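Structural features, examined
The residues making up each chain are set out below.
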Amino acid sequence: MVYRLFFTWVFLIVSTGSIYAQRDDELNRRAQNWFEEGHSLFTQEKYKEACASFDRVLDRFPNHLPSRYFHARSYFHENQYEKSAELFKNIVEGELSDPLYLDSWFFLGKSQFYNGEFSDARESFRIFLEVDSDSYLKSRGKRWLRSAEFAEEAVKDPVEFEPKIVDIPLADYQSVYLPMKSFDGDRFFYTLREKGRERLVFSYIQGEGEYSPHRQFNILDNFPHTAASTLSPDGELMLLTICNHPTSMGSCDIYVAYQRGGQWQGPFNIGSPVNSSSWESQPNFGPDGRTFYFSSDRPGGFGGRDIWKSEILDDGSFSDPVNLGPDINSAGNEGSPFMHPDGQTFYFKSDGHPGMGDFDLFLSRKSRDGNWLEPQNLGYPINTPYHDGAIFIDSDGKTAYMASDRLQPMEKRGIYRIFSFDLHSDAQSTPVTYLKAFVVDAYTKQPLTAEVSMVELRTGEEVYSGTLGSSGILFSVLRAGGTYTFNASLEGYQFTSFRFEPDSTATADDPYLLTVELNPIDEITETDKGIVLRNVLFEFGSHELDASSYSELDRLASYLLANDQLEVEIHGHTDNIGDPDHNMELSEHRAAEVVNYLIDKNVDPDRITGRGFGENKPVASNETEEGRAQNRRTEMVVKRMKD
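Residues numbered from 1 in each chain as written. Predicted model: local features only at pLDDT ≥ 70, side-chain atom pairs only at ≥ 80, totals over all residues. Heavy atoms only, no water.

Right, let's get into unusual backbone geometry. Of note, the bond from Ser-272 into Pro-273 is cis; its omega dihedral lies within 30 degrees of zero at 10 degrees. Along the chain, Pro-273 falls in the loop between strand S10 (263-269) and strand S11 (280-285). The peptide bond linking Tyr-380 to Pro-381 adopts the cis configuration, its omega dihedral lying at 10 degrees. Position of Pro-381 relative to the elements: it lies in the loop between strand S18 (376-377) and strand S19 (391-393). In this structure, Leu-178 takes a positive phi of about 55 degrees despite not being glycine. Checked against the element boundaries, Leu-178 lands in strand S2 (residues 175-181). (Helix = DSSP H or I, 4+ residues; strand = E, 2+ residues; numbered from the N terminus.)

In structure tokens:
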């Protein structure tokens, strides 16, 4: 039957005369007026009223194909997919099928898809691609065919999904979406829509499942349409979307606001090169609080809207946006980017990758070489045949927040509510916590603008490197189960180093709060009390430095070069396992290895010497592994202050 229809359409396409006109000629004047009225209403997107006009025509002229086609399209756009599927099926199966309406196969497939009839939809899209020569819908037909094939299999293997409404106090008519939590878990941000206006608001989280009524930002009073916010992990910077404002460069732009003394300042348009005459929206901070991701339809992408990234530079300006590339972006549209604070798991929505139809939620994980792996659909029923977009994942890596009307009773459909659920294991991120360190003078307790470095030993990633602000506070995200080095230095103060190993289940609810006291060099007299270089490590049973030690030793070299009045001695120590003579020799070689490394970094050899003590100066019991680990150490001892 399909092939018979195909050759019929080919014949009709090459025939002279207008089928459309012939069908119109069959109508009397009154029916013609009804049809023209219906078509006008259709073009104005008044689909319900259009249906009534086409009903009048079809009551008198049931075979009038243009009325049948636009009648079906009107029901489709009214989301009455059972009715539109029935009507489109009658069109494609009837003898009156017309080459002007071959896209009926496409809309039949979409109607069947939204009805959950994925096998039938797959067949309809296949036929559409077979009979369609080169219409504007062809590429979309290919994407929908892939989605129908995906959905047909996905519904056979659903993922775990138990959503619960987030109980924010709201009026029945208010919609809320685009959820986001502050990293410390105190505030819950979202976009509220009422009376056609979008406003960025927040609620305080008062307890388990308890939220305050929404609060507005006074700084946004003069901005009519605000939405889609993101906070830096330390909560000091906020990026948000503002649309249709005189200060905007395009329809929607990204703005920045910041806190000073607990008060929000701004917002300010971040301008070029991030904003343009195109649409820029949906910003999201990465864990470093400098890199951020956003969606834009600016030129240079791979489809409609793509995901891009930019960075806040040291001088406060913004780097040129970089497209995330074809691993993330498709020929369709991508948006609502969310980089989990683990820095390795990236969530986004797309209508271009195979999914359950319309926009689906996906994740991609970063490979060892820093590239993004093939996007993974979050699965059914997290994704459905309807628009699913914008997801936020909490610091535990599994608690997800989304917005939809799917949990609303039928009479409240179209009014969005935020719900939460636990992600299935394949879609979870690594749990994260954070370090909040206060670097102060050991005597005055005043904050210090110290040089600080943090490195994750497992990956070698430099998590933080820079000079602290006047508050002396460092805020850094830590991946649960990682091992982090921390060192601080400042001219005129002692060098200090630490190590952190967050528990594998740690979250932002249980952060590391640390006060680091730096001793002024002027207060140091010659002493045998060493500064333990906790992040200087060696290969097992060897004096060869582990590569993870280089970052700390480089910092130490810079510190010694800046404080050239110090003469220091490097001490090596071991535990008591093994032969004492061997341990003494090993400790001497290890101390010498550190000395040589620092000399290679231009430290004056006259200012630095090394000694080994073997197992002779334990600082803990050698009866436990924990104690032995403390005894295996490298120390720096200040021996003399130059005049």
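Let us now look at the packing of helix H10 (residues 550-562) against helix H11 (residues 580-600). Contact geometry for H10 and H11: axes closest at 9 Å, N-to-C directions at 60 degrees. By the angle between their directions, the pair H10 and H11 is classed as oblique. As for the relative orientation of H10 and H11, their crossing is right-handed in sense. Seen from H10, the contacting residues are Tyr-550, Leu-553, Asp-554, Leu-556, Ala-557 and Leu-560; seen from H11, they are Val-594, Tyr-597 and Leu-598. In terms of residue class, the contact of H10 with H11 is built from eight nonpolar, no polar and one charged. (Axes fitted to C-alpha atoms, helices over the stretch in contact; angles between N-to-C directions. Parallel < 35°, antiparallel > 145°, perpendicular 65-115°, else oblique. Left-handed = near helix turned anticlockwise from the far one by under 90°. Contact = heavy atoms within 4.5 Å. Nonpolar A, V, L, I, M, F, W, Y, C, P; charged D, E, K, R; others polar.)

Our next topic: the packing of helix H5 (residues 65-77) against helix H6 (residues 81-93). One can describe the packing of H5 onto H6 by two numbers: an axis separation of 8 Å at closest approach and a directional angle of 155 degrees. Regarding the angle of H5 to H6, the classification is roughly antiparallel. When you trace H5 past H6, the crossing you get is left-handed. Judged by residue contacts, Leu-65, Arg-68, Tyr-69, His-71, Ala-72, Arg-73, Tyr-75 and Phe-76 of H5 engage Tyr-81, Lys-83, Ser-84, Leu-87, Phe-88, Asn-90 and Ile-91 from H6. Considering only residue class, the contact of H5 with H6 consists of nine nonpolar, three polar and three charged.

All right, on to the side chain of Asn-329 then. Positionally, Asn-329 belongs in the loop between strand S14 (322-323) and strand S15 (334-339). With a relative accessible area of 3%, Asn-329 lands in the buried category. A distance of 2.8 Å separates a polar atom in the side chain of Asn-329 from the backbone nitrogen of Ile-307. Here Asn-323 takes part through its side chain, which lies 2.8 Å from a polar atom of the side chain of Asn-329. Contacts of Asn-329, omitting those with residues within four sequence positions, involve Phe-302, Asp-306, Ile-307, Asn-323, Leu-324, Glu-334 and His-353. (Buried < 20%, exposed > 50% of the residue type's maximum accessible area, 1.4 Å probe, protein only. Polar contact = N/O pair within 3.5 Å; in protein donor to acceptor, adjacent residues only side chain to side chain.)

We now examine helix H4 (residues 47-60). Over its 14 residues, H4 extends 20 Å from the first C-alpha to the last, a length consistent with the 20 Å expected when each residue adds 1.5 Å. Within H4, burial applies to Tyr-47, Ala-50, Cys-51, Ser-53, Phe-54, Val-57 and Leu-58. All buried residues of H4 project into a common sector of 165 degrees when viewed along the axis, lining one side. What points out from H4, more than 90 degrees from its buried face, is the exposed set Lys-48 and Asp-59. For H4, the secondary structure elements touched by its buried residues are helix H3 (29-43) and H5. (Expected span 1.5 Å × (residues − 1). Arc of directions from axis to C-beta.)

To continue, consider the nonpolar core. Residues Tyr-69, Phe-88, Trp-105, Phe-106, Phe-107, Phe-113 and Phe-125 are the most contacted members of the largest nonpolar core, which totals 43 residues. Listed by contribution, the elements that provide at least two residues to this core are H3, H4, H5, H6, helix H7 (104-114), helix H8 (118-131) and helix H9 (138-154). Ranked by residues supplied to this core, first place goes to H8 with seven residues. Discounting chain neighbours no more than four positions away, the residues touching Phe-106 are Phe-125, Phe-128, Leu-137, Arg-140, Gly-141 and Trp-144. (Core = buried A, V, L, I, M, F, W, Y, C linked by side-chain atoms within 4.5 Å.)

Turning next to the packing of aromatic side chains. Applying the stated criterion to the full structure yields 53 aromatic pairs. The interplanar angle of 50 degrees and the centroid separation of 5.0 Å between the aromatic rings of Phe-202 and Phe-217 together place this pair among those described as tilted. Here Phe-202 is found in strand S4 (residues 197-207), whereas its partner Phe-217 is found in the loop between strand S6 (215-216) and strand S7 (226-231), with 15 residues between them in sequence. Residues Phe-202 and Phe-217 agree in their burial class; the two are buried. Seen in terms of ring centroids, Tyr-550 and Tyr-597 are 5.7 Å apart; in terms of plane orientation they differ by 15 degrees. Their pairing is stacked. (Phe/Tyr/Trp six-rings, centres within 6.5 Å; stacked < 30°, edge-to-face > 60°.)

Attention now moves to the sheet that holds strand S28 (residues 512-518). Read across the sheet, three strands follow the order S25-S22-S28 without closing on themselves; strand pairing throughout is mixed. Strands with a single pairing partner mark the edges of an open sheet, and in this sheet they are strand S25 (473-479) and S28. Going across the sheet, the axis of each strand differs from the next one's by a mean of 25 degrees, ignoring polarity. Both strand S22 (residues 432-441) and S28 contribute to a ladder of seven bridges, which runs parallel. Counted as the bridge partner of Phe-438 is Thr-515 from S28. (Pairing = 2+ DSSP bridges.)

Right, let's get into H6. In this model, H6 (13 residues) spans 18 Å end to end at C-alpha, consistent with the 18 Å of a helix rising 1.5 Å per residue. Of all the residues in H6, the buried ones are Tyr-81, Ser-84, Ala-85, Leu-87, Phe-88, Ile-91 and Val-92.

Time to look at the pairing of strand S17 (residues 360-365). Among the six residues in S17, five count as buried, and that is most of the element. As judged from the two bridges shared by S17 and S18, these two strands associate in the antiparallel manner. Looking at the pairing, Phe-362 lines up with Asn-377 of S18.

Of note, Leu-87 is situated in helix H6. If near-sequence neighbours (up to four positions away) are discounted, Leu-87 is found in contact with His-71, Ala-72 and Tyr-75.

Attention shifts here to the layout of surface pockets. In this structure, the second largest pocket spans a volume of roughly 920 Å³. Elements that contribute at least two residues to the lining of the second largest pocket include exactly H11, helix H12 (625-631) and strand S32 (633-641). Broken down by class, the residue content of the lining of the second largest pocket amounts to ten nonpolar, eight polar and twelve charged. (1 Å grid on protein atoms, 1.4 Å probe; cavity = no way out; pocket = protein on both sides within 12 Å on 5 of 7 lines; lining within 4 Å. Points joined across faces, edges and corners; volume = space filled by probe spheres on them.)

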